[in-house]
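Structural characterization, general
This is what each chain is made of:
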Amino acid sequence: MSWYSNLINSNRSTTEFMKERFKNAKFEIVEQHERDGTIVRESRFVLEGKPLIISRVFIPMDNSPAFLEQVRNRSMPLGDIIKENEYNVQRKVLSRDRSSKHYTIDGDVRAEVWETYLG
């Protein structure tokens with residue numbers, strides 16, 4: 001069984017899962033830009049120099065200005081921004097396979113997320 005099998009089969013926050021399971025994992029923004037009314041963010045969680053998760057997130061610009069400001073700051077994973085501000089959200093898994101998941105975040109803030117799990 002892979003380290004990420006429980007994550008693939010849940011609606012749980014990826015950030016929360018990573019912080020519990022891999023305390024030394026680091027969050028990194030690979031690239032972030034704004035295009036067509038959307039912030040596009042590619043990020044990853046890395047452990048000992050090796051990526052564990054690669055994530056691509058699409059964040060509509062019609063989210064709250066405070067949320068968008070924190071996203072633009074590039075210092076925190078989306079899960080931490082949501083938790084820190086106590087945003088009420090629901091995650092809905094749209095598809096998954098053996099090593100990836102596609103889901104939406106809806107509620108106080110909205111985003112669409114594609115994650116690929118490595119290792």
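Going by the structure above, here's the rest.
These figures come from a predicted structure and were not determined experimentally.

Turning to the overall build of the protein chain, a few remarks are in order. Looking only at helices and strands, one finds four helices and six strands in the protein chain. When its helices and strands are written in sequence order, the protein chain yields α-α-β-β-β-α-α-β-β-β. Considered along the principal axes of its C-alpha atoms, the protein chain spans approximately 40 × 30 × 25 Å. When the 119 residues of the protein chain are sorted by exposure, 45% land in the buried category. Contacts spanning at least 24 positions in sequence make up 41% of the contacts within the protein chain whose residues lie at least 6 apart.

Read across the open sheet, the six strands follow the order 1-2-3-6-5-4; overall the sheet is antiparallel. Every interior strand has two partners, whereas the edge strands, strand 1 (26-35) and strand 4 (89-96), have only one. On average, each strand axis in the sheet is inclined to that of its neighbour by 20°, with strand direction left out of account. Bridge count for strand 2 (residues 38-47) against strand 3 (residues 50-60) is ten bridges, and the pairing is antiparallel. Bridge pairing links Arg-44 to Ile-54 in strand 3.

Since the α-helix advances by 3.6 residues per turn, residues separated by three or four positions end up pointing in the same direction. For helix 2 (residues 14-21), the full list of buried residues reads Thr-14, Thr-15, Phe-17 and Met-18. For helix 2, the buried positions fall inside an angular range of 160° around the axis, keeping them on one side. At the N-terminal boundary of helix 2, the capping side chain belongs to Ser-13, with an oxygen 3.4 Å from the backbone nitrogen of Thr-15.

To continue, consider the side chain of Ser-100. Along the chain, the position of Ser-100 falls in strand 5 (residues 100-107). For Ser-100, the side chain forms a polar contact with the side chain of Asp-97, separated by 2.8 Å. With residues near it in sequence (within four places) discarded, Ser-100 still touches Ile-8, Glu-115, Thr-116 and Tyr-117.

So, on to the pairing of strand 2. For strand 2, a buried count of seven out of ten residues is recorded, marking the element as mostly surrounded by other parts of the structure. Relative to strand 2, strand 1 runs antiparallel, the two being bridged by nine bridges. The partner of Lys-26 across the bridge, within strand 2, is Val-46. Once strand 1 ends, the chain turns through two residues before running back antiparallel as strand 2, passing Asp-36 with a positive phi of about 50°. Linking two consecutive strands that pair antiparallel, namely strand 2 and strand 3, is a turn of two residues; a positive phi of about 50° is found at Glu-48 within it.

With phi around 65°, Arg-74 is a residue other than glycine that occupies positive phi space. Owing to a relative accessible area of 41%, Arg-74 belongs among the partly exposed residues under this scheme. You will see that Glu-86, though not glycine, has its phi angle at about 55°, which is positive. Here Glu-86 shows up in the loop between helix 4 (78-84) and strand 4. Since its relative accessible area comes to 70%, Glu-86 is described here as exposed.

Thresholds applied
- Residues numbered from 1 in each chain as written.
- Predicted model: local features only at pLDDT ≥ 70, side-chain atom pairs only at ≥ 80, totals over all residues.
- Heavy atoms only, no water.
- Helix = DSSP H or I, 4+ residues; strand = E, 2+ residues; numbered from the N terminus.
- Buried < 20%, exposed > 50% of the residue type's maximum accessible area, 1.4 Å probe, protein only.
- Contact = heavy atoms within 4.5 Å.
- Pairing = 2+ DSSP bridges.
- Axes fitted to C-alpha atoms, helices over the stretch in contact; angles between N-to-C directions.
- Arc of directions from axis to C-beta.
- Polar contact = N/O pair within 3.5 Å; in protein donor to acceptor, adjacent residues only side chain to side chain.

Note that all results are geometric; they support no functional claim without further evidence.
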